[in-house]
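The chain contents come next:
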Amino acid sequence: MQIKDVETSNTGLDVDNVTKIYETQKGNILALDNISLHVKPNEFLALLGTSGCGKSTLLRIICGLEKTTEGKIINQGKTITGPGADRGMVFQAYNLFPWMTISENIQFGLKQKKASGRQVREIAEHYADLVGLKGFENQYPNSLSGGMRQRVAIARALANDPSVLLLDEPFGALDMQTRGVMQELLLDIWQKSPKTIIMVTHDIDEAIFLADRVAIMSARPGKIKEILDVKDGIPRPRNYHVKTSQSFIEYKERATDIIREESMKLLKLS
Ligand code: ADP
Ligand code: MG
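Everything in this summary refers to the structure shown in the same document. (Residues numbered from 1 in each chain as written. Chains lettered and ligands numbered in written order. Predicted model: local features only at pLDDT ≥ 70, side-chain atom pairs only at ≥ 80, totals over all residues. Heavy atoms only, no water.)

### Comments concerning the sheet that holds strand E3 (residues 44–48)
Okay, step 1: The six strands lie next to each other as E6-E7-E8-E3-E9-E10, forming an open sheet whose pairing is mixed. Each edge of the open sheet carries a strand with a single partner, namely strand E6 (87–90) and strand E10 (224–229). Looking at each pair of strands side by side, their axes are set apart by 15° on average, direction ignored.
Okay, step 2: As paired strands, E6 and strand E7 (residues 164–168) are joined by four bridges and run parallel to one another. (Pairing = 2+ DSSP bridges. Helix = DSSP H or I, 4+ residues; strand = E, 2+ residues; numbered from the N terminus. Axes fitted to C-alpha atoms, helices over the stretch in contact; angles between N-to-C directions.)

If you want it as structure tokens, here you go:
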């Protein structure tokens, strides 16, 4: 009997034999090569890989912003055909509306859903509070720091109550200290408001610190090379101290070896 590598279920999210070819004037680019992955409900999965390996492509496909060439994405039993309120996305660039207040930015998706004015304000207040921005609701994005803006972007994505939160290098533009604080804040939010998270990063420490599983991609064309099950080795709740624990270092060694091997391939040094 052949064992299927994708367990298609009506809970969680399935990436089912996804291939993506970009057709460009210079020829075809095979960005993703037959990727299959099952993400469990409320699981935190990190997608780790070298630059250009197809991480953003895979996330945009899951979000519905990009079509597959072959294969499909199934969220909670439904095949995805485009963007939907079941999936919220946060990009590296803050993507806030500068002419709207923090509260209006958080309310944006909710207004499109046609919830009542009072409901919308209450939900926006709740999520502003959750990301630690209580009291800043009436300010405009340009008066906030990078870390605060990204918290608004996370609150806006969460306000729609998606089952899946998609994060594409959300802390990539932040300095090291702010980044560390944001990672802890994200874990805190996830604990208070559990949902499936798929987070793209090229930062090995960030992936191991945050995730239940770390899916490491090969250099282009992107495939899943190995999945590190870090959940058992690094118990929760986690704080920054776990980054110096023995098991963290062992996962980091393994991830570094794979990423190095893939980077060498990319540079044609191996
Ligand atoms: P990552 O996020 O891992 O850095 P991307 O998903 O952005 O990688 O890109 C994967 C590959 O696909 C790269 O070679 C990139 O140049 C190519 N690519 C991405 N987007 C497009 C596009 N819209 N058109 C053509 N090629 C693209
Ligand atoms: Mg990218």
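### Digging into the site of ligand 1
Okay, step 1: Surveying the vicinity of ligand 1 reveals 14 residues, the closest of which are Gly-52, Gly-54, Lys-55, Ser-56 and Thr-57.
Okay, step 2: Side-chain polar atom of Ser-56 to an oxygen atom of ligand 1: 2.9 Å apart, as the coordinates give it.
Okay, step 3: If you list the elements that add at least two residues to the shell around ligand 1, you get strand E1 (13–24), strand E2 (27–39) and helix H1 (55–63).
Okay, step 4: The element best represented in the shell around ligand 1 is H1, accounting for four residues. (Near = heavy atom within 4 Å. Polar contact = N/O pair within 3.5 Å; in protein donor to acceptor, adjacent residues only side chain to side chain.)

### Topic: the side chain of Gln-183
Okay, step 1: Looking at where Gln-183 falls in the secondary structure, it is placed in helix H5 (residues 176–192).
Okay, step 2: Polar contacts involving the side chain of Gln-183 include one to the side chain of Lys-243, which spans 2.9 Å.
Okay, step 3: When residues no more than four places from it in sequence are discounted, the contact partners of Gln-183 are Phe-171, Glu-206, Phe-209, Leu-210 and Lys-243. (Contact = heavy atoms within 4.5 Å.)

### Brief notes about the layout of surface pockets
Okay, step 1: Here the largest pocket defines a volume of roughly 430 Å³.
Okay, step 2: Lining the largest pocket are 22 residues, and of these Gly-88, Met-89, Arg-156, Ala-157 and Asn-160 lie nearest its centre.
Okay, step 3: Of all the secondary structure elements, the ones that give two or more residues to the lining of the largest pocket are E6, helix H2 (102–112) and helix H4 (146–159).
Okay, step 4: The dominant element in the lining of the largest pocket, judged by the number of residues it contributes, is E6, at four residues.
Okay, step 5: Residue composition of the lining of the largest pocket, grouped by class: 14 nonpolar, six polar and two charged.
Okay, step 6: When residues of the lining of the largest pocket are sorted by domain, at least three fall in each of domain 1 (13–86 + 164–269) and domain 2 (96–161).
Okay, step 7: For the second largest pocket, the calculated volume is near 230 Å³.
Okay, step 8: Lining of the second largest pocket is provided by Met-176, Arg-179, Gly-180, Val-181, Gln-183, Glu-184, Asp-203, Asp-205, Glu-206, Tyr-240 and Lys-243.
Okay, step 9: For the lining of the second largest pocket, the secondary-structure elements that each account for two or more residues are H5 and helix H6 (204–210).
Okay, step 10: With six residues, H5 is the largest single contributor of residues to the lining of the second largest pocket.
Okay, step 11: Class assignment for the residues of the lining of the second largest pocket results in three nonpolar, two polar and six charged. (1 Å grid on protein atoms, 1.4 Å probe; cavity = no way out; pocket = protein on both sides within 12 Å on 5 of 7 lines; lining within 4 Å. Points joined across faces, edges and corners; volume = space filled by probe spheres on them. Nonpolar A, V, L, I, M, F, W, Y, C, P; charged D, E, K, R; others polar. Domains from an automatic or database assignment.)

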